[in-house]
Amino acid sequence: MGALIGWFCHYTPVEIITALGFTPYRLLGREGNTPRADTYLVGNLCPYVKSCLETAIRQELPPLAGTVIARSCNAMIHLASTWPRYGGRGATLVLDVPRRLDEEAVLYYSQDLRRLAGELARLGERQLEDSLLWQAIDAWEEQRSCWRGLLAARARGEICLSGSDVMAWLDGWQTGMTAAGRDKGQAGSATIEQRSRPDFRGRPRLMLAGSILPAELPALVEEWGGWPVCEDACNGRRFLLAEVARETGDPYLHLARLYLGGPPCPRMVADQTRRQQYWAGVVNDYQIDGVIYHVMKFCDAAIYDFRAMKDFCDRRGLPLLRLDGDYTGGGRGQWQTRVEAFLEMF
Amino acid sequence: MDIYQLIRSHLAGPLRRRAFKSPWAYRLLKQLVAAQKKRYSWQAAYELLLNTIDQVAAAYLQQGPVVWHNVFFPTEILYGLGLVPFAPEAAAAVAVGLGVAEEAFRVAEGDWVSGESCSFHRLAYGCDRAGYLPPPGAVVCSSHLCDAAPQSLAAAAGYHNVPFYLLDVPHRQDAAAFNYVARQLKSITFSLADALGVPWDQERFQEALLASNTAREHLLAVNRLRGQRPACIRGDEAHGFIYLMLAGFGSGAAAAVYRQLAAELEQRWREQRRAVPEERARLLWLHLRPYYPTEIFNLLEQKAGAVVVFEEMHHVYWEPLDPARPFYSLAGKVLSHHGLGCISRRIEAILAMVDAYQVDGVIHFAHWGCRQSTAGLRLLQDALRDREIPFLNLEGDCVDKSKYAPGATRTRLEGFLEMLRAV
Ligand code: SF4
Ligand code: SF4
């Protein structure tokens, strides 16, 4: 396994990292308060971002050769300024991710990705040949398509999976540290058979949505009687992107199109129609009965995205519950009462 | 002279909404303002007010296609197309003075726009849904510098079912970023003209760029004069002109107001008319100020003689525009903002202001919900500490007066003034 490169935002093309012989390692923060990070990132800022900074300050992370910070929101922009000084060891590399999907944005993003690849290459010993990048693109696509296949089977009801298992597998896969996570053969493997939860059938089928979902949310919802069948989050289904026709020629253009064209996240503010279409697709494919939206405290994107989700659910007559969270693992008592009351509606 | 009191006393409660749409209300307002001309300590402020009333009237009376924009969008494009620009964030500040904030906050809250987001946008959202704002024909927004603006303006465009144009601004200043922004600006300009049915007029567009350059020149003159000791204008008064930075560039009015202000400053400087009788300290103000009555400036300037000699918001961060390359040079303006990219750029700009205005201390007004301005302050604080410049991070909210704690604010200001005296 190559040296680890940390990354946060799901618009970060991990292909570039692996093509250079590094191992991408997603930073997902920690449970608990963030007193140290609070002294560096003052004000009301995203608790996920602070949580990640806290892990770095406390040196709870494995050694990272570098960290790629996509300046995808104000919180990440400030993290990019703070990380090299107070947080992470290794190099800090920043990436600008467009908030729109059109040819101009794809072109710009591809240029920025090429620049990032150059900077990353300087950290290692390998030059990044296009052919190596294409290999990495294919390898990741193979894995993602296995995951997509698994989730599609889950949507069709052919396999009965718990949301908490799916999120845990995805977490393991993204951090690149567990053997199971790297096993691209997840779909159809014995583990999945063993973890089947037919007893969930008959429960309300829920979409969990938000910017980034706290890992424990699906398990709690299950404990309280719901069945998360789709996780619309950047550490959930959105990370799996969507298949795009393979470009010949410039691999960076291909990556830009692949990432910007994936399921849009709340920050893609110029792409809101596509986000609504994406929700409509999920609701139909996964036969969603209701939505639980997790609004990350101080996440402007999520605050307004919830508004849009509310309009969407109202139009379709779908029950919707908003949970506010601070990513620290606190406030569960309140959630329980609200989730149980919500589930009684079904 | 309180313009809001004037308006409130003439346009009482239930009349308010209708009054906005009535031409006589604006005529009356201008007459009332004109009658009090002599009571304005700065004629430039008087002119600014008359111009703003005209601009507001043009939006409410729909004298042309109204385009909503955020305060960082290059308004030269809107003036250059002959459109009527309207900035909901600025309207939010006005709403506070007009006494509709509480109602608007309630509406926003009831519609799930929660108190964790920037109150300028919450307030604008509430005002809009409560029917106080002039409906837009289109909405434009740049993604720099904050996350709240694009989200809230996109929601407004959806609500009014009008086109939304996002100017996506990267944080780098390299050639790729310039091209990306310039191409978007061009496409937004022609899409707006198309969608709103306004004919393209090259001359008018170039005039807007030239007007922007003239305004820039006069503002630079104002800023140079403000760098002199002693200060001739209090920060309390100068803050009123920030509106032009946020919504006026590209209009002839901005150039005229700055010209007038520069002339008045020059004259006062010659006559040695000081901002305060005894200037004991010079301060730099970061971000905006509260738009409801507080004792902050009174305490600082009138009582302690600590004059706010410059505001970060008045910093001219861009080069003159080139009318021969309008979109490329506007892209340059957008990308030059010192708040873009790594915070070291902002710190560098602030340290340059500290030197240029010979300030003794820096106050940052930490507007609740404004992540762009507040989140990275620690690094700024460290940089100022290295230079031994006293710094106060004053927490509060520019438009939500329920967040104002007079006692705590006073204590913090007094502590800061002590610190200044000790330096
Ligand atoms: S949760 Fe929201 S604020 Fe936090 S990193 Fe993600 S998009 Fe940014
Ligand atoms: S105060 Fe801050 S968050 Fe609010 S609109 Fe201005 S820049 Fe954005």
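Predicted, not measured: the structure shown is a model, and the values here were computed from it. (Residues numbered from 1 in each chain as written. Chains lettered and ligands numbered in written order. Predicted model: local features only at pLDDT ≥ 70, side-chain atom pairs only at ≥ 80, totals over all residues. Heavy atoms only, no water.)

Caption draft 1: Main features of the overall build of chain A. Counting its regular elements, chain A contains 14 helices and 8 strands. Relative to the globule expectation of 20 Å for 346 residues, the C-alpha radius of gyration of chain A, 19 Å, shows essentially globular dimensions. With the C-alpha coordinates of chain A rotated into their principal frame, the extents come out at 55 × 45 × 40 Å. Counting the 346 residues in chain A, one finds 62% classified as buried. Restricting to contacts in chain A with at least 6 residues of sequence separation, those with at least 24 account for 70%. Only carbon and sulfur atoms are counted for the fraction: they give 48% of the accessible area of chain A, which is about 12,200 Å². (Helix = DSSP H or I, 4+ residues; strand = E, 2+ residues; numbered from the N terminus. Rg over C-alpha atoms; globule rule 2.2 N^0.38 Å. Buried < 20%, exposed > 50% of the residue type's maximum accessible area, 1.4 Å probe, protein only. Contact = heavy atoms within 4.5 Å. Areas by Shrake-Rupley, 256 points an atom, 1.4 Å probe, with all protein chains shown as cover.)

Caption draft 2: Layout of the nonpolar core. Core analysis: the largest hydrophobic core is formed by 270 residues, its most contacted members being Ile16 and Tyr48 of chain A together with Leu123 and Leu192 of chain B. Here this core takes 11 residues from helix H10 (residues 175-196) of chain B, the largest share from any one element. In contact with Tyr48 of chain A, other than residues within four places in its own chain, are Phe8, Leu27, Leu28, Gly29, Met76, Ile212, Met296 and Tyr327 of chain A. Of all hydrophobic cores here, the second largest spans 16 residues; its members include Val221, Ile292, Val339 and Phe342 of chain A. (Core = buried A, V, L, I, M, F, W, Y, C linked by side-chain atoms within 4.5 Å.)

Caption draft 3: Inspection of the interface of chain B and chain A at higher detail. Of the residues lining the interface, 44 residues belong to chain B; the matching set on chain A comes to 44 residues. Surface buried jointly by chain B and chain A totals about 4,100 Å² across both partners, of which 53% is contributed by carbon and sulfur atoms. If you look at where chain B meets chain A, you find 7 salt bridges. Between Arg371 of chain B and Asp300 of chain A there is a salt bridge whose closest N-O contact spans 2.9 Å. Here chain B is connected to chain A by 27 residue pairs in polar contact (both at pLDDT 80 or more). Among the elements of the structure, helix H8 (119-129), helix H9 (148-160), strand S4 (164-167), H10, helix H18 (371-374) and helix H19 (377-386) of chain B are those that each provide at least two residues to the side of chain B that touches chain A. (Buried area = accessible area lost by both parts, 1.4 Å probe. Salt bridge = Lys/Arg side-chain N within 4 Å of Asp/Glu carboxyl O. Polar contact = N/O pair within 3.5 Å; in protein donor to acceptor, adjacent residues only side chain to side chain.)

Caption draft 4: Region of interest: the environment of Glu319 of chain B. Residue and element names in this part refer to chain B. Summarising the element assignment, Glu319 is placed in the loop between strand S6 (306-311) and helix H16 (326-335). Here Glu319 falls in the exposed class, since its relative accessible area comes to 61%. For the pair formed by Glu319 and Val67, sequence separation is 252 residues and the distance between their alpha carbons is 26 Å.

Caption draft 5: Region of the structure containing the environment of Ile296 of chain B. All names here are of chain B. Following the sequence through the fold, Ile296 ends up in helix H15 (residues 296-303). Each C-alpha atom of the pair Ile296 and His69 lies 30 Å from the other, and the pair is 227 residues apart in sequence. With residues near it in sequence (within four places) discarded, Ile296 still touches Trp285, Pro290, Phe365, Leu394, Tyr404, Thr409 and Leu413.

Caption draft 6: View of the pairing of strand S2 (residues 23-26) of chain A. Residues and elements named next belong to chain A. Neither face of S2 is exposed, since Thr23 and Tyr25 on one face and Pro24 and Arg26 on the opposite face are all buried. Pairing geometry for strand S1 (residues 4-7) and S2, over 4 bridges, is parallel. Note that in S2 the partner of Gly6 across the bridge is Tyr25. Taking the sense of rotation as the criterion, the β-α-β connection linking S1, helix H1 (residues 14-19) and S2 turns out right-handed. (Pairing = 2+ DSSP bridges. Right-handed = clockwise from strand over helix to strand, strands pointing away.)

Caption draft 7: The domain arrangement of chain A, seen in detail. Residues and elements named next belong to chain A. By domain assignment, chain A separates into domain 1 (4-127) and domain 2 (132-344). Just the C-alpha atoms count here: the centres of domain 1 and domain 2 sit 21 Å apart. Taken together, the contacts link 45 residues of domain 1 with 43 residues of domain 2. Of the roughly 3,800 Å² buried at the junction of domain 1 and domain 2 (both faces included), carbon and sulfur atoms supply 68%. Area buried by domain 1 at its contact with domain 2 is led by His10, Tyr11 and Glu15, which between them contribute 19% of it. At the junction of domain 1 and domain 2, the tally comes to 3 salt bridges. Among the salt bridges present, the one from Arg144 reaches Glu15, with a minimum N-O distance of 3.0 Å. Seen at the junction of domain 1 and domain 2, the total is 15 residue pairs in polar contact (both at pLDDT 80 or more). Those elements that provide at least two residues to the side of domain 1 that touches domain 2 are S1, H1, S2, helix H3 (47-57) and helix H5 (103-123). It is H5 that provides the largest number of residues to the side of domain 1 that touches domain 2, a total of 9 residues. (Domains from an automatic or database assignment.)

Caption draft 8: Just the pattern of salt bridges, in detail. Residue and element names in this part refer to chain B. For the structure on display, the rule yields 52 salt bridges over all chains. For Asp382, the salt bridge identified is with Arg385, shortest N-O distance 3.5 Å. With Asp382 and Arg385 both in helix H19 and 3 residues apart, the pair spans about one turn of that helix. Note that Glu418 and Arg421 form a salt bridge whose closest N and O atoms lie 3.0 Å from each other. Here Glu418 pairs with Arg421, and both are found in helix H20 (residues 406-422), just 3 residues apart, close to one helical turn.

Caption draft 9: A look at the sheet that holds strand S7 (residues 361-367) of chain B. All names here are of chain B. Reading across the sheet, the 4 strands line up as S6-S5-S7-S8 and stay open at both edges, with parallel pairing between neighbours. Of all strands in the sheet, those bounded by a partner on one side alone are S6 and strand S8 (391-396). Strand-to-strand, the axes of this sheet are offset by a mean angle of 30°, without reference to chain direction. Here S7 pairs with S8 via 6 bridges, running parallel. When the bridges of S8 are listed, Ala366 appears paired with Glu395. Contacting strand S5 (281-286), S7 and S8, H19 runs over the sheet at an angle of about 155° to S8. (Axes fitted to C-alpha atoms, helices over the stretch in contact; angles between N-to-C directions.)

Caption draft 10: Here's a closer look at the packing of H15 of chain B against H20 of chain B. Residue and element names in this part refer to chain B. For the pair H15 and H20, the least separation of the axes is 10 Å and the interaxial angle reads 25°. The orientation of H15 with respect to H20, classified from their angle, is roughly parallel. In this structure, H15 crosses over H20, and the sense of that crossing is right-handed. Together, Ile296, Leu299 and Leu300 of H15 and Thr409, Arg410, Leu413 and Leu417 of H20 make up the contact between the two elements. (Parallel < 35°, antiparallel > 145°, perpendicular 65-115°, else oblique. Left-handed = near helix turned anticlockwise from the far one by under 90°.)

Caption draft 11: Quick look at the site of ligand 1. In the vicinity of ligand 1, the residues found are Cys46, Tyr48, Val49, Cys73, Met76, Ser211, Ile212, Met296 and Cys299 of chain A. When residues of the shell around ligand 1 are assigned to domains, at least three fall in each of domain 1 (4-127) and domain 2 (132-344) of chain A. (Near = heavy atom within 4 Å.)

Caption draft 12: How the structure looks around H19 of chain B. Across the 10 residues of H19 of chain B, 7 count as buried, placing the element largely inside the fold. Downstream of H19 of chain B by a residue or two, Glu388 of chain B has a phi angle that is positive, lying close to 60°.

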